[in-house]
Amino acid sequence: MNAYRDISDEERGFTLLEVMASLAILGFGILLVIELFSRGLATAKSVQDSTAMAMLAGEKMSETLSRKNITEVKESGSDNGFSWSVNISALDTQGAIDNPKLHAYKVVIDVAGTTRRKGAFRLTSIKTVIE
């Protein structure tokens, strides 16, 4: 008995068309995975910038609210690739507050990305001061 049987031409292996189709599908899958990683990295960078803007805004708000003497002022600057501005304006409290020595100020902190960083963040608060 012969352990080997004759293999016809149709059973010898893959055709060139089948190999090309398999490589095309494999290439498409690899490109899809690379695109997903690229988008994930871009999203992570965007979240990192948003977090940095929020932390800078919080830091500037803490500095501003901890001042003993607060007056109407506009300040701006840049830090770590972000531009920031502090805008303090007096609120009209006439009739709302009985104490004439008590004043209220609106504090607005804006942080924006520069050319390499995009996005913006705003914090708003009210500070009361007794003269």
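Relevant structure appears above.
Because the structure is a prediction, the values reported are computed rather than measured.

Look at asparagine 80: it is not a glycine, yet its phi comes out positive at around 55°. In this structure asparagine 80 comes out as exposed when scored by relative accessible area, which is 55%.

Per the stated rule, a full pass over the model turns up zero aromatic pairs. The ring of tryptophan 84 has lysine 60 sitting right over it, with the charged end atom 4.1 Å from the ring centre.

An order of S1-S2-S3-S4 is seen for the four strands of this open sheet, with the pairing classed as antiparallel. With one partner strand each, in any of the chains shown, strand S1 (73–79) and strand S4 (120–130) form the two edges of the open sheet. For this sheet the average axis-to-axis angle between neighbouring strands, irrespective of direction, equals 15°. By the bridge criterion, seven bridges tie S1 to strand S2 (residues 82–90) in an arrangement that is antiparallel. From the neighbouring strand, valine 73 faces S2, where its bridge partner is isoleucine 88. Running over the sheet, helix H1 (residues 16–65) touches S1, S2, strand S3 (102–113) and S4 and is turned about 155° from S3.

Where S2 and S3 come together, nine bridges link them in antiparallel fashion. Looking across to S3, one finds that phenylalanine 82 is bridged to glycine 113. Bridge analysis of S3 against S4 gives eleven bridges, and the strand direction is antiparallel. Bridging from a neighbouring strand, tyrosine 105 pairs with lysine 127 of S4.

Analysis parameters
Residues numbered from 1 in each chain as written. Predicted model: local features only at pLDDT ≥ 70, side-chain atom pairs only at ≥ 80, totals over all residues. Heavy atoms only, no water. Buried < 20%, exposed > 50% of the residue type's maximum accessible area, 1.4 Å probe, protein only. Phe/Tyr/Trp six-rings, centres within 6.5 Å; stacked < 30°, edge-to-face > 60°. Lys NZ or Arg CZ within 6 Å of the ring centre and 35° of its normal. Pairing = 2+ DSSP bridges. Helix = DSSP H or I, 4+ residues; strand = E, 2+ residues; numbered from the N terminus. Axes fitted to C-alpha atoms, helices over the stretch in contact; angles between N-to-C directions. Contact = heavy atoms within 4.5 Å.

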